[in-house]
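Chain residues, written in single-letter form:
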Amino acid sequence: MFEHVIKSQHLPDFLWSEEEYESLGVRIELKVRRQVDRGGKLLCNCPVMPPDSDYDVEVSRHLRPAAYHGAGPASMPMAETRCFREVIYRLTRKSSCTYEMDDSPPVRINRDALAATITVARSMGCILPEQSQIMRERFLDGSIPSGFQRSMLIGWNCSLPFLKKLLNIQRVTLTEDSARLVEDSMTRRVFMTDRLGVPVLVITTAPELRNPAQAAAAATLLRMVTSRTPGAMHRQSALRFDLGIGIRGAGFVEVRGLDSINTLVRVAHYEVLRQKRMLDLSAEVNRRGIDMQRFASQDVTRWFKSLKKTPQDVVYAVLLPGFRGLMRQAMGPNRELLDEFVDRVHRIACLPQNMVLCSEGPEDFVLSEVFAKADRLMQSRRSDVIFLLVGPEESVKWGVTALTEQARVLTDGGSPEVRRPLRNGETTFLMPDTDSSLRLPETDMPAVPLHSDLNTIDMPWQIARDMQAHGLSAQQIRALIAKRAEHVFNRMCNLGYQPTLAAQLTLQFWKPELETALIEAAKEALNTYSEPLQQKAFIKGRLKHG
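Residues numbered from 1 in each chain as written. Predicted model: local features only at pLDDT ≥ 70, side-chain atom pairs only at ≥ 80, totals over all residues. Heavy atoms only, no water.

*Asks:* Before we move on, can you summarise the overall build of the protein chain with the specific residues and values?
*Replies:* Scanning the protein chain from terminus to terminus reveals 15 helices and 20 strands. The principal-axis extent of the C-alpha atoms belonging to the protein chain is close to 95 × 55 × 45 Å. Residues counted as buried form 53% of the 546 residues belonging to the protein chain. In the protein chain, 75% of the contacts between residues at least 6 apart in sequence involve partners at least 24 apart. For the protein chain, the accessible surface area stands at approximately 25000 Å², while carbon and sulfur atoms represent 49% of it. (Helix = DSSP H or I, 4+ residues; strand = E, 2+ residues; numbered from the N terminus. Buried < 20%, exposed > 50% of the residue type's maximum accessible area, 1.4 Å probe, protein only. Contact = heavy atoms within 4.5 Å. Areas by Shrake-Rupley, 256 points an atom, 1.4 Å probe, with all protein chains shown as cover.)

*Asks:* Let's hear about unusual backbone geometry: which residues, and what values?
*Replies:* Positioned with a positive phi, Leu163 is a non-glycine residue whose angle comes to about 45 degrees. Structurally, Leu163 can be placed in the loop between strand E6 (148-162) and strand E7 (165-176). For Leu163, a relative accessible area of 18% corresponds to the buried category. Of note, Lys164 is a non-glycine position whose phi angle comes to about 65 degrees, a positive value. On the secondary structure map, Lys164 appears in the loop between E6 and E7.

*Asks:* Describe the nonpolar core, listing the residues and the values that go with them.
*Replies:* Within the largest apolar cluster, 94 residues are counted, with the highest numbers of intra-cluster contacts made by Leu30, Met124 and Ile539. In terms of residue count, helix H5 (residues 212-227) provides more of this core than any other element does, 9 residues in total. Residues lining this core come from more than one domain, with at least three contributed by each of domain 1 (2-252 + 433-441) and domain 3 (460-545). Apart from residues no more than four positions distant in its own chain, Met124 is found in contact with Cys158, Ser159, Leu160, Ile169, Val172, Ile203, Val225 and Met459. In terms of nonpolar packing, the next biggest core, distinct from the first, is built from 33 residues, Phe295, Leu337, Leu338 and Leu403 among them. (Core = buried A, V, L, I, M, F, W, Y, C linked by side-chain atoms within 4.5 Å. Domains from an automatic or database assignment.)

*Asks:* How would you sum up the pairing of strand E18 (residues 427-431)? Please name residues and give values.
*Replies:* Burial analysis of E18 places 5 of its 5 residues in the buried class, the great majority of the element. As defined by bridge partners, strand E17 (residues 417-421) adjoins E18 across 4 bridges and the pair is classed as antiparallel. Bridge assignment links Arg420 to a residue of E18, and that residue is Thr428. Linking E17 to E18, which pair antiparallel, is a turn of 5 residues; within it Gly425 sits at a positive phi near 100 degrees. (Pairing = 2+ DSSP bridges.)

*Asks:* Summarise the packing of aromatic side chains; cite the residues concerned and give the values.
*Replies:* Applying the stated rule across the entire model yields 8 aromatic pairs. On the numbers, 6.3 Å between centres and 85 degrees between planes, the contact of Phe323 with Phe341 is edge-to-face. With Phe323 in the loop between strand E14 (314-320) and helix H7 (337-349) and Phe341 in helix H7, this pair connects stretches of sequence that are 18 residues apart. Phe323 gets classed as buried once you look at its relative accessible area, which sits at 1%. By way of ring pairs, the aromatic residues Phe295, Phe323, Phe341 and Phe387 are connected into one cluster. Sitting over the ring of Phe304, Lys373 keeps its end group 5.5 Å from the ring centre. (Phe/Tyr/Trp six-rings, centres within 6.5 Å; stacked < 30°, edge-to-face > 60°. Lys NZ or Arg CZ within 6 Å of the ring centre and 35° of its normal.)

*Asks:* Quick one: what's the story with the packing of helix H12 (residues 486-495) against helix H14 (residues 515-528), residue by residue and with numbers?
*Replies:* Running from amino to carboxyl end, H12 crosses H14 at an angle of 20 degrees, the nearest separation of the two axes being 10 Å. Comparing the axis directions of H12 and H14 gives the class roughly parallel. Helix-helix and strand crossings are classified by hand; for H12 and H14 the assignment is right-handed. Taken together, the residues of H14 that come into contact with H12 (itself represented by His487, Val488, Arg491, Met492 and Leu495) are Glu515, Leu518, Ile519, Ala522, Lys523 and Leu526. Looking at the contact of H12 with H14 residue by residue, the class counts come to 7 nonpolar, 1 polar and 3 charged. (Axes fitted to C-alpha atoms, helices over the stretch in contact; angles between N-to-C directions. Parallel < 35°, antiparallel > 145°, perpendicular 65-115°, else oblique. Left-handed = near helix turned anticlockwise from the far one by under 90°. Nonpolar A, V, L, I, M, F, W, Y, C, P; charged D, E, K, R; others polar.)

*Asks:* If you had to explain the sheet that holds strand E13 (residues 296-299) to someone new, which residues and values would you point to?
*Replies:* Read from one edge to the other, the open sheet built from 4 strands follows the order E13-E14-E16-E15, with strand pairing classed as antiparallel. Of all the strands in the sheet, the pair left with one neighbour each is E13 and strand E15 (356-358). Within this sheet the neighbouring strands show an average axis-to-axis angle of 20 degrees, counted without direction. Of the pairings in the sheet, the one linking E13 to E14 comprises 4 bridges and is antiparallel in character.

*Asks:* An account of the side chain of Gln214 is needed here, citing residue identities and associated values.
*Replies:* Structurally, Gln214 can be placed in helix H5. Residue classification places Gln214 among the buried residues on the basis of a relative accessible area of 13%. Excluding its chain neighbours within four sequence positions, the residues that come into contact with Gln214 are Phe162, Leu163, Lys165, Glu208 and Leu209.

*Asks:* Any details on the pattern of salt bridges? Residues and values, ideally.
*Replies:* Throughout the structure, instances matching the rule amount to 39 salt bridges. Linking Asp444 and Arg150 is a salt bridge whose minimum nitrogen-to-oxygen distance equals 3.9 Å. Remark: Arg150 occurs in strand E6 and Asp444 occurs in the loop between strand E19 (439-441) and strand E20 (448-449); sequence separation between them is 294 residues. Take Asp444: its relative accessible area is 41%, and that puts it in the partly exposed class. Beyond isolated ion pairs, a larger network of salt bridges with shared partners links Glu271, Arg274, Arg335, Glu340, Asp343, Arg344, Glu417 and Arg419. (Salt bridge = Lys/Arg side-chain N within 4 Å of Asp/Glu carboxyl O.)

*Asks:* Would you mind going over a nonpolar patch on the surface in detail, with residue names and values included?
*Replies:* Among the surface-exposed residues, Ile127, Leu153 and Trp156 lie close enough to one another that they form a single nonpolar patch of about 230 Å² accessible area. Examined against the element boundaries, Ile127 turns out to sit in the loop between helix H4 (111-124) and strand E4 (131-132). (Patch = residues over 30% accessible without salt bridge, like charges linked within 9 Å, V, L, I, M, F, W, Y side chains within 5 Å.)

*Asks:* Describe the packing of H5 against helix H6 (residues 261-288), and please don't skip the residues or the numbers.
*Replies:* As a packed pair, H5 and H6 sit with axes 9 Å apart at the nearest point and diverge in direction by 150 degrees. By the angle class used here, H5 and H6 are roughly antiparallel. Regarding H5 and H6, the two cross each other, and that crossing is right-handed. Every residue of H6 that contacts H5 at Pro212, Ala215, Ala216, Ala219, Thr220 and Arg223 is listed here: Ile261, Leu264, Val265, Ala268 and His269. Here the contact of H5 with H6 is built from residues that sort into 8 nonpolar, 2 polar and 1 charged.

Rendered as C-alpha cells:
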C-alpha cells in the first residue's frame, strides 16, 4: 500500500520505459534539503525571518584567489576569480550579523536545530556518531560570503521502505543555507541574505535510483520524512532538491536547486537524454579520427575591427578540426551542441553569449562573409568549424581554453560538472569540477557531542500502515501525511466518525489555527445530525461564522 502512497500519479508522457533507462545504466543520487526553524539560525544568534525584498544596507565584495590544497589553474576558484564579478549582499538589521559577512567566527551551534535533525536521523534508523566535527565545504558562486559552507554529519547508512525494496540513505547532515540569488549578470551578482545561515536538514540517497519515476517516488518519500522534522518549514523555497545523474560511460553530473518534484522529473529525463546524445556525438567524433594537433587559435583583431564593441576588445579565431555538421545536433527539445560550447565560454570566460560566434550558428548574410574571411585566415578545411570570440583580451584567451576544454569533453563523452536547471527542465553548464570531496575541519569550533537519547517520531510508512487499516485510499493517505494532519484524523475517528468521512472532513476543513474549533464543531454536528452531508454543512457553517 505504501508504494501507491509515494508513487507519483502525474508523470509526463515523454518519459521512456524502465527498460530503456536500464539499458543506459542510469544512476541517480537525490539530495533533499528542508529548512528548519528551531530558535534561530544555525551558527549565530540571528532569528529566522520570512523572505523579504526590503533591506537596510548593501555590502560589496569580490572573490580573490588564494593558494590552498587542491587548487589548480583550471579549478573552479580560478574560473570564478577571473570574472572579476562584484558580489552584492543585501542585509537587514533584524536577520544579519557580522558572522554572516564572514567578519567574525561562529557564535554557537543551534542546539534545538541539532536535536531536531538527530531525531529524524534516529527515527530513520541511521547510525549516529558520538560526536560530529563541523566541516567546511567550498561554495564559490558567491551565495556564501566566506566562500565555504559549514555542515556536520549527523547520521549515515540506513534504509527506508521503497517501491517493494529499500531506499538506501548515505548520510543525513545539518548545514547552513546559502543566500538567495535575485540578480545575475556578467558583472555582478546580487543576493538577499534573508535565508543565509538558516539551518537545513539534508538527506542524501545512494546513487541507486534507476529512472526519473523512481527519483520522483524517492523525492515524495523524503519530502514526507523531512516535513515531520520538529520545526520543519513549509513556506515556498523551504524545500529544495539536488540531483546527481550519470549514465554508463558518461561523467556524473550534479543539478542544483530544483524547487518541485515535477521539475525534478523533467530534469532527470532531459539530463539522461543530453548525456546519451553526448555519447552518441562522442562516438561520431572518434569515428572521424579528429586530429587534435590541428586545434588552433589566432588573434585576428586587425581583420575584424567591425566586431569590436569597445576599443580595448580583441577578436580571436578558434579552429575546431573535423567538427563540421555537429554543432546543430540536438541535445534536447530546445538545445543544440552549440549551446554547450557557448555556455561553457560564457561561464568560464565571462564573455556575453552574443560575443561567441560560430560558423555553424544561425545563418546571417553579414556573418557568412565574416566567416569566409576567417576560413581563409585559419586555412580551414570543409570539415572544420570556426569560432570567433570578441571581448577583453584576458577573457577571450580563457574563452579559447574553454572551447578547447568543451571539445575534449565531447571527445570523452562527458565530464563531471555542475549544471543549472532551465524553466523547461533542460539544464545549462554552471561550473566545472567542484572538488566536492574536499572538506576541511572547522577551526573555530570544537567537535559537537550528539545526544542519542532523544525521542523518535513516526515515519510516513508507519502512519500509512495505520491509515491503511482504516481503509483509506492512497490519495487520502498521501494528502493527510502531506498536511501533517493524521492526529486530527485520529481524533475525528475517536469521536465516532467513519474513517473515510473523518479523512474528508479533516482534508476539507482542518487548518492548524482552526483545530480546536473544528473538533468542537464536529462533536456538535455528530450529536445533532445523522447524515454526512448535513454534518459537513453544519461544520462548514460553524467554522465560517466562528
